[in-house]
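In case you want the letters, here they are:
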Amino acid sequence: MDNRENVFELMGHLEEEGYTLGRVVTEQKGAFMVMTKTGDRLSKISGKLRFETVKREDLPAVGDWILLSEEGAIIEKVLPRTSKFSRKKAGEEAEEQIIATNIDTVFILSSLNDDLNSKRMERYVLLCWESGANPVVILTKSDTCEDIEEKKKEVENALLGVKVLAISAVNHEGIEELHPYLDKGKTVALVGSSGVGKSTLVNLLVGNDVQKTKEIRESDDKGRHTTTHRELFLLDSGASIIDTPGMREIQLWQGQEGLSTQYNDIEELALQCRFADCRHEDEPGCMVRAAIQEGTLSEERFGHYQKLQREIAYMERKGNKRLESLERKKWKSIGKQRKLKY
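Residues numbered from 1 in each chain as written. Predicted model: local features only at pLDDT ≥ 70, side-chain atom pairs only at ≥ 80, totals over all residues. Heavy atoms only, no water.

Details of the overall build of the protein
Okay, step 1: A count of helices and strands for the protein gives 9 helices and 13 strands.
Okay, step 2: By the burial criterion, 49% of the 342 residues in the protein qualify as buried.
Okay, step 3: At a minimum sequence separation of 6, the contacts of the protein that also span at least 24 residues come to 65%. (Helix = DSSP H or I, 4+ residues; strand = E, 2+ residues; numbered from the N terminus. Buried < 20%, exposed > 50% of the residue type's maximum accessible area, 1.4 Å probe, protein only. Contact = heavy atoms within 4.5 Å.)

Structure (structure tokens):
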């Protein structure tokens, strides 16, 4: 039994009579490459599915399990997702962009160079907690760094409770620590900026040069985009990995649950404040202010928590307005169809 059959043996219970079970491998220009037990098929969305969809997020994304018509060229149904890693789409409009679905773990990659930024990684972590998957920070290119443990400790202190690993794909150092996340049937998504080594790690894990790679610019340690679309690959272990393009900006789409997970210490303190509507400024009996004065909570950490809280609230307000607009358009379209019919 090969790795493809291994995966479908585990997920066979999702198949429905009269349909073929598949998983979206990649999407390009409105068409989807779908992996099935017998091979890959280029498929398109059925007219019915497209018409019934209110939001773009309800359409297939990389990692989705879907049902194909018997011919195998038409996607009839997107099966319920166990997790969904997404961010706000670039631009002013409050629109969600799904990065990957049905993932168990997100590897958040960052190079051990001058571009190491724990604040950026924290945004990935918040989105990850929100998605339903578990975050693991991977510090890459350890062969180029002299103070690995110091930088690793710095990231661990900024991202409380998140597993942090250091690896070198060149020397194969630390790679064995990734294996527990790559068991049969598991799915891992790789995210991070350009040039941090996502494609290099994919090539190493797959065992072939399936992804192109480029060196980072020496002038500023920034990477160049090589991966241009999201794509799922199967490993010999029966696990799946999803490579994603580098992200220049990480705007939060939703994140209240992720914020509560990452800043559980602050929210626990807030629950102990004398007043339920405490603003944590100068109110008597404020446990957050007391912790800051005692030195058990830094002003910087609390300030960053408040900033993220405001950003999430703002995006949720914008998202709700957009959803209301889409719902109105949907019912307007249905009304027109009825008039034409009768």
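Focus on the packing of aromatic side chains
Okay, step 1: Per the counting criterion, the structure on display carries 4 aromatic pairs.
Okay, step 2: Judged by centre distance (5.3 Å) and plane angle (50°), the rings of Tyr-263 and Tyr-305 are tilted. Pair noted here: Tyr-263 is in the loop between α6 (256-262) and α7 (264-271) and Tyr-305 is in helix α9 (residues 299-341), with a separation of 42 residues, a long-range link. A single burial state applies to Tyr-263 and to Tyr-305, both of which are buried.
Okay, step 3: A centroid spacing of 6.3 Å and a plane angle of 25° characterise the contact between Phe-302 and Tyr-305, whose relative ring orientation is stacked. Of this pair, Phe-302 and Tyr-305 both sit in helix α9, 3 residues apart, roughly one helical turn. This pair shows no difference in class: Phe-302 is buried, exactly as Tyr-305 is. (Phe/Tyr/Trp six-rings, centres within 6.5 Å; stacked < 30°, edge-to-face > 60°.)

Structural notes on the nonpolar core
Okay, step 1: Of all hydrophobic cores here, the largest spans 47 residues; its most connected members are Phe-85, Val-137 and Leu-139.
Okay, step 2: Excluding residues within four positions of it along the chain, Leu-139 makes contact with Ser-110, Leu-112, Leu-116, Met-121, Lys-152, Val-155, Val-164, Leu-165, Ala-166 and Ile-167.
Okay, step 3: Among the nonpolar cores identified, the runner-up in size contains 20 residues, and Leu-165, Val-188, Leu-205 and Ala-239 belong to it. (Core = buried A, V, L, I, M, F, W, Y, C linked by side-chain atoms within 4.5 Å.)

Observations concerning the packing of α7 against helix α8 (residues 287-294)
Okay, step 1: As a packed pair, α7 and α8 sit with axes 7 Å apart at the nearest point and diverge in direction by 125°. Considering the angle they form, α7 stands oblique to α8. Contact residues: Ile-266, Leu-269 and Ala-270 in α7; Met-287, Val-288 and Ala-291 in α8. (Axes fitted to C-alpha atoms, helices over the stretch in contact; angles between N-to-C directions. Parallel < 35°, antiparallel > 145°, perpendicular 65-115°, else oblique.)

Brief notes about the pattern of salt bridges
Okay, step 1: Per the counting criterion, the structure on display carries 10 salt bridges.
Okay, step 2: Salt-bridge contacts for Asp-40 lead to Arg-4; the nearest nitrogen and oxygen are separated by 3.1 Å. With Asp-40 in strand β3 (residues 39-45) and Arg-4 in helix α1 (residues 3-11), this residue pair connects regions lying 36 residues apart in the sequence. (Salt bridge = Lys/Arg side-chain N within 4 Å of Asp/Glu carboxyl O.)

Describing the side chain of Thr-20
Okay, step 1: Mapped onto the elements of the fold, Thr-20 is located in strand β1 (residues 20-28).
Okay, step 2: Looking at Thr-20, the relative accessible area reads 18%, which means it is buried.

Some thoughts on helix α3 (residues 118-131)
Okay, step 1: Its 14 residues give α3 an end-to-end C-alpha distance of 20 Å, which sits within 8% of 20 Å, the value for a rise of 1.5 Å per residue.
Okay, step 2: Burial of α3 is extensive: 10 of the 14 residues sit out of reach of the surface.
Okay, step 3: All of the buried residues along α3 are Ser-118, Met-121, Glu-122, Arg-123, Tyr-124, Val-125, Leu-126, Leu-127, Cys-128 and Ser-131.
Okay, step 4: Taken from the residues just after α3, Gly-132 is the one with a positive phi, measuring 100°. (Expected span 1.5 Å × (residues − 1).)

Observations regarding unusual backbone geometry
Okay, step 1: One non-glycine residue with positive phi stands out, namely Lys-29, at about 55°.
Okay, step 2: Here Lys-29 lies in the loop between β1 and β2 (31-36).
Okay, step 3: Even without a glycine there, the phi angle at Lys-141 is positive, about 60°.
Okay, step 4: Take Lys-141: it is sitting in the loop between β9 (134-140) and α4 (148-158).
Okay, step 5: Among the residues examined, Lys-141 registers a relative accessible area of 24% and is labelled partly exposed.

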